[in-house]
Amino acid sequence: MSKGILLVNLGSPDSTKVQDVRTYLREFLMDGKVIDTPWLIRKMIVELFILPRRPIKSAEAYKKVWMKEGSPLIIYSKILREKVQEQLDIPVGLAMRYKNPSIEFGLQELYDKGVRDILVVPLYPQYTMSTTETVADKVLEVQKKKFKDVNVQFLKAFYKHPDYIKVLGDSIKEQLPEDYDKLLFSYHGIPERHDRKAIGAAKRSKLPIETYRNQCLETTRLVTEYLGLPEDKYFTSFQSRLGTDPWIKPYTDQTLEHFPTEGVKKIAVCTPAFVADCLETLEEISMEGKEEFLEAGGEEFIYIPCLNDRQDWVDALVKWFKGWQNN
């Protein structure tokens, strides 16, 4: 069978218009793996409490980071796909879990090129039900309906893969000043109940499933070990919480506000739950996070970009894909 690769990232609104943002948020938040409540309750939460106001605020946030060509997440993902394709002799497609280009579009594009054996690559280093798992669910749903003669495989979470750790570590080392006080690893947060579900699934299946929090801590440990950093020079926190339910702690915003009270005045921040810069990294961290830190008494805030289209990141992906291709 002819082989191909499908890169999949989260997705983005089609534009910064409020209606486009509302459409995107509705698709995203109505996913039962994102807000894991019964459908009717989820519908009420999304339609009555989130969508009336949040799209207006989110649209303004998107305007701050929107690039001339469009959404940063989409643009960086497209460039990554192009660079990977240049080094492979099999087709490489791109899809988003929410909005465009859709997973169905990505699979169709590969199918039309004769591909019948696809490696789906969720571009999330750590595994969670609201990221990697929902990508797999959607891919398999579409595959069963429209592409029954296609074989689908999934790249495993790479949060501790030596190649990824080296690329991430090198990207941090290039930006980290000699006189910094603290390096903050800010990961996207999830509700605490999602991690409890992961623990329950591990016990039932007797498989060694790591909680998301532990995966993040392991990424931090391996990167700081690679860089040779002492424990008092780094910290791990979690960002982007939504709603009133408890999310995994410590929270990034509270951490940034507290740092200056401990004498931490010069920090660098990286976001290893993302491989491409997006709203959560560019607006929430490099803009809002910086403002929170400086207003709390901090003096210098350095944002370390995501891997985006770094050549060593491209090379790592190509290495993995060639290994799969030759099996």
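It should be noted that the structure appears before, not after, this text.
Residues numbered from 1 in each chain as written. Predicted model: local features only at pLDDT ≥ 70, side-chain atom pairs only at ≥ 80, totals over all residues. Heavy atoms only, no water.

### A short note on the overall build of the chain
Heads up, the condition is: Strands are runs of DSSP state E lasting at least 2 residues, helices are runs of H or I lasting at least 4, and numbering of each runs from the N terminus. Radius of gyration: over C-alpha atoms. The globule rule applied is 2.2 Å multiplied by the number of residues raised to the 0.38 power. Using a 1.4 Å probe on the protein chains alone, a residue whose accessible area is under 20% of its type maximum counts as buried, one over 50% counts as exposed, and one in between counts as partly exposed.
The helix and strand tally for the chain stands at 13 helices and eight strands. Against the compact-globule benchmark of 20 Å for 327 residues, the chain has a radius of gyration of 20 Å, which places it among compact chains. Overall, the C-alpha framework of the chain stretches about 60 × 50 × 45 Å when taken along its three principal axes. Within the chain, buried positions represent 54% of all 327 residues.

### A look at the environment of E192
Applicable threshold: Whether two residues are in contact is decided by their heavy atoms: any pair within 4.5 Å suffices.
Within the secondary structure, E192 is located in helix α8 (residues 192-205). When its relative accessible area of 26% is taken as the criterion, E192 is described as partly exposed. Between the C-alpha atom of E192 and that of Y212, which follows or precedes it by 20 residues, the distance is 9.7 Å. Ignoring sequence-local partners within four residues, the contact set of E192 consists of P246, W247, I248 and K249.

### Things to note about the nonpolar core
Applicable threshold: Here, nonpolar core means buried Ala, Val, Leu, Ile, Met, Phe, Trp, Tyr and Cys residues that are tied together by side-chain atoms lying within 4.5 Å of each other.
I5, V84, I172, L183, W313 and F321 are the most contacted members of the largest nonpolar core, which totals 100 residues. Looking at this core, the element that brings in the most residues is helix α13 (residues 311-325), giving eight residues.

### Regarding unusual backbone geometry
Note on backbone geometry: most residues besides glycine have negative phi, and most peptide bonds are trans. In this chain, N100 is followed by P101 through a cis amide linkage whose omega measures -5°. Residue placement: P101 occurs in the loop between β2 (92-98) and α5 (103-112). Here the bond from K249 into P250 is cis, since omega is 0°, no more than 30 degrees from zero. Assignment of secondary structure puts P250 in the loop between β6 (234-239) and α10 (252-258). Here S240, not a glycine, exhibits a phi torsion of approximately 65°, which is positive. Under the relative-accessibility criterion, S240 is labelled buried at 17%. Positioned with a positive phi, N308 is a non-glycine residue whose angle comes to about 50°. Looking at N308, the relative accessible area reads 8%, which means it is buried.

### Points about the side chain of K99
Structurally, the position occupied by K99 is in the loop between β2 and α5. Its relative accessible area of 18% is what places K99 among the buried residues.

### So, the sheet that holds strand β7 (residues 266-270)
Here is the rule we go by: A pair of strands is labelled paired if DSSP reports no fewer than 2 bridges between them. Only the contacting stretch of a helix is used when fitting its axis, a line to C-alpha atoms as for every element, and angles between N-to-C directions run 0 to 180 degrees.
In space, the four strands of this open sheet follow the order β6-β5-β7-β8, with parallel pairing throughout. The open sheet terminates on both sides in strands that have one partner only, identified here as β6 and β8 (300-303). Neighbour to neighbour, the strand axes of the sheet diverge by 25° on average, direction disregarded. Here strand β5 (residues 182-188) runs beside β6; their pairing, made up of six bridges, is parallel. Its bridge partner being in β6, L183 is matched across the sheet by Y234. Contacts from helix α12 (residues 284-295) reach β5, β6, β7 and β8, with the element oriented near 165° to β8.

### Thoughts on the packing of aromatic side chains
Stated formally: Ring geometry is summarised as follows: Phe, Tyr and Trp rings, the Trp one being its six-membered ring, pair when their centres sit within 6.5 Å, and such pairs are stacked at plane angles under 30 degrees, edge-to-face over 60 and tilted between the two. By definition, being over a ring means that NZ of Lys or CZ of Arg is both within 6 Å of the ring centre and within 35 degrees of the ring normal.
Using the criterion set out here, one finds 13 aromatic pairs in the structure. Ring centres of Y111 and F147 lie 5.2 Å apart, and the angle between their planes is 50°; on these two criteria the pair is classed as tilted. Of the two residues, Y111 is situated in helix α5 and F147 in the loop between α6 (129-146) and β4 (151-154); the sequence distance between them amounts to 36 residues. Judged by its relative accessible area of 22%, Y111 is partly exposed. Assessed through its relative accessible area of 2%, F147 is described here as buried. Consider the rings of F158 and Y164, whose centres lie 5.2 Å apart with planes at 75°: the pair is edge-to-face. A relative accessible area of 1% means that Y164 is categorised as buried. Clustering of aromatic rings is evident, with ring pairs tying together F158, Y164, W313 and W320. Taking NZ or CZ as reference, K3 lies 4.7 Å from the ring centre of W324, over its face. Here the guanidinium or amino end of K233 rests over the ring plane of Y180, the centre of that ring lying 4.3 Å away.

### Notes on the packing of helix α4 (residues 72-86) against α13
The test is simple: Should an angle fall under 35 degrees it is taken as roughly parallel, and over 145 as roughly antiparallel, whereas 65 to 115 is taken as roughly perpendicular and any remaining angle as oblique. Left-handed describes a crossing in which the near helix is turned anticlockwise from the far one by less than a right angle; the clockwise case is right-handed. Gly is put with the polar residues, along with every residue not named as nonpolar or charged; the nonpolar set is Ala, Val, Leu, Ile, Met, Phe, Trp, Tyr, Cys and Pro, and the charged set is Asp, Glu, Lys and Arg.
Running from N to C, α4 and α13 point in directions that differ by 55°, and their axes come no closer than 9 Å. In terms of orientation, α4 and α13 fall into the oblique class. In this structure, the crossing between α4 and α13 has a hand that is right-handed. Every residue of α13 that contacts α4 at L80, K83 and V84 is listed here: Q311, W313, V314, L317, V318 and F321. Broken down by class, the residue content of the contact of α4 with α13 amounts to seven nonpolar, one polar and one charged.

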